[in-house]
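# Reading the structure
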Amino acid sequence: MKAVEQIKFPITKEMELFEEKFKDSMLSKVPLLNRITYYIVRRKGKQMRPMFVFLVAKMVSNGKFSERTYRGASVIELIHTATLVHDDVVDDSNRRRGFFSINALWKNKIAVLVGDFLLSKGLLLSIDNDDFDILKLISVAVREMSEGELLQIEKARRLDITEEVYFEIIRQKTATLIAACCAIGAASVGAEEEEIKKLHEFGELIGIAFQIKDDLFDYSESNIGKPTGIDIKEQKMTLPLIYTLNNCSEKDKKWLINSVKKHNTNKQRVKEVINFVKDNGGIEYTISKMKTYQNKALAILNSYPDSDYKDSLKTMINYVVERKK
């Protein structure tokens with residue numbers, strides 16, 4: 001059984017019903033919107049975020065869940081989908097999960113409006129059902145995601161990102177939404193405030209480990225046996241590079257910064273940067289950091305009694321750091 005199927009196994013029925021409810025939550029009186037949202041639903045990803053909501057809800061409540069859990073999962077997926085649609089416009093990207101992006105098919109103006117529509121649908125789903133605790137958790141996540149993106153843009157211009165700033169960027173950009181999933185899962189079944197906070201931290205730890213793993217892909221062999229170097233080409237400062245910059249001679253530091261700033265489209269130079277980072281401990285250090293976050297998340301999980309849901313979450317954490325793409 002594949003890892004994702006294994007993770008989903010204890011919540012298979014809930015995920016099937018969720019897909020129907022999620023589809024319904026996007027309905028509109030505008031035919032064009034319905035055509036676009038149908039296209040989005042048909043090309044869904046692994047749906048890891050709703051899985052977090054259901055698995056956490058069931059783990060903390062001994063297998064119980066409620067309509068609020070479905071609404072929480074739908075809110076998360078609506079907001080997440082809205083951010084992806086907007087991201088493709090910001091990044092001028094024509095592909096998403098191997099298919100044409102919304103902006104490639106319907107242009108930027110419509111893509112931005114569709115993103116806004118999905119965002120408002122998510123917020124209204126909470127407001128209409130008086131799920132104000134869920135609304136607060138997701139609103140904080142949206143604010144932090146925007147701040148994280150802008151902080152990264154600001155710092156990328158100067159290439160002066162410290163390790164501390166890097167972790168703040170990935171906490172906001174990536175980890176905050178997974179943290180919201182876990183907190184919403186717990187809140188949806190009436191968990192106490194203390195437990196909601198603990199599971200929020202749990203999600204944050206997994207989210208940080210997830211992003212570190214993504215950063216490592218830039219230095220690993222691609223399908224054609226070559227490191228990708230995409231982050232370097234885009235002048236993104238990731239942990240392997242930050243560590244190497246902080247632990248090399250002044251001369252090498254100047255060469256690295258110059259390479260990323262002025263020669264980032266030169267394939268040979270990018271390859272040299274990748275090799276320099278590998279030879280100077282950047283990869284080993286990054287892997288050890290990722291494992292620290294993985295172990296902290298597992299430690300929180302181990303405070304819960306054994307169950308299929310706990311096992312699935314454990315598989316999820318390990319999948320995050322061991323996945324091949």
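Since we're looking at a predicted model, the values are computed, not measured.

The subject of this paragraph is the confidence of the model for the chain. The predicted model of the chain has a mean per-residue pLDDT of 87, with 96% of residues at 70 or higher. Of all the helices and strands in the chain, strand β1 (residues 95-96) carries the lowest mean pLDDT, 68, while helix α14 (residues 282-301) carries the highest, 95.

All told, the structure shown has 9 aromatic pairs when counted by the stated rule. Aromatic rings pair up to connect F18, F22, F54, F65 and Y70 into one cluster. Above the ring of Y70, the side-chain terminus of K21 is found at 5.1 Å from the ring centroid. A cation sits over an aromatic face here: K296 above Y293, 5.5 Å from the ring centre.

What follows covers the environment of E201. Among the structural elements, E201 can be located in helix α9 (residues 193-217). Accessibility expressed as a relative area gives 43% for E201, which makes it partly exposed. Residues E201 and I178, 23 residues apart in the sequence, show an inter-C-alpha distance of 9.6 Å.

Within the secondary structure layout, T176 lies in helix α8 (residues 163-188). In this structure T176 touches A141, E144, M145 and R171, once residues within four positions along its chain are discounted.

Time to look at unusual backbone geometry. Backbone geometry places N62, a non-glycine residue, at a positive phi of 55 degrees. In the Ramachandran plot, D130 falls in the positive-phi region, its phi being about 55 degrees despite a non-glycine side chain. Locating D130 in the fold gives a position in the loop between α6 (102-128) and α7 (132-158).

Taken together, L124, I127 and F132 make up a surface patch of nonpolar side chains, about 270 Å² in accessible area. When you line up the elements, L124 lands in helix α6.

Summed over the entire model, instances satisfying the criterion amount to 13 salt bridges. Close ionic contact of K58 with E14 constitutes a salt bridge, the shortest N to O distance being 2.8 Å. Of this pair, K58 sits in helix α4 (residues 48-60) while E14 sits in helix α2 (residues 12-25), and the two are 44 residues apart along the sequence. Judged by relative accessible area, which is 6%, K58 ranks as buried. Here K21 ties to E67 by a salt bridge, and the two come within 3.1 Å at their closest N and O atoms. Here K21, found in helix α2, pairs with E67, found in helix α5 (residues 67-90); they are 46 residues apart in sequence, far enough to count as distant. Given the relative accessible area of 26%, K21 is considered partly exposed. In this structure, a network of salt bridges that share partners links the residues R68, R71, D131 and D133.

Another aspect to go through is the environment of K261. On the secondary structure map, K261 appears in helix α12 (residues 250-262). By relative accessible area, K261 is classed as partly exposed at 40%. If we skip the residues at most four places from it in the chain, K261 touches R157, R158, L159 and Q235.

What counts and how
Residues numbered from 1 in each chain as written. Predicted model: local features only at pLDDT ≥ 70, side-chain atom pairs only at ≥ 80, totals over all residues. Heavy atoms only, no water. pLDDT = per-residue confidence, 0-100. Helix = DSSP H or I, 4+ residues; strand = E, 2+ residues; numbered from the N terminus. Phe/Tyr/Trp six-rings, centres within 6.5 Å; stacked < 30°, edge-to-face > 60°. Lys NZ or Arg CZ within 6 Å of the ring centre and 35° of its normal. Buried < 20%, exposed > 50% of the residue type's maximum accessible area, 1.4 Å probe, protein only. Contact = heavy atoms within 4.5 Å. Patch = residues over 30% accessible without salt bridge, like charges linked within 9 Å, V, L, I, M, F, W, Y side chains within 5 Å. Areas by Shrake-Rupley, 256 points an atom, 1.4 Å probe, with all protein chains shown as cover. Salt bridge = Lys/Arg side-chain N within 4 Å of Asp/Glu carboxyl O.

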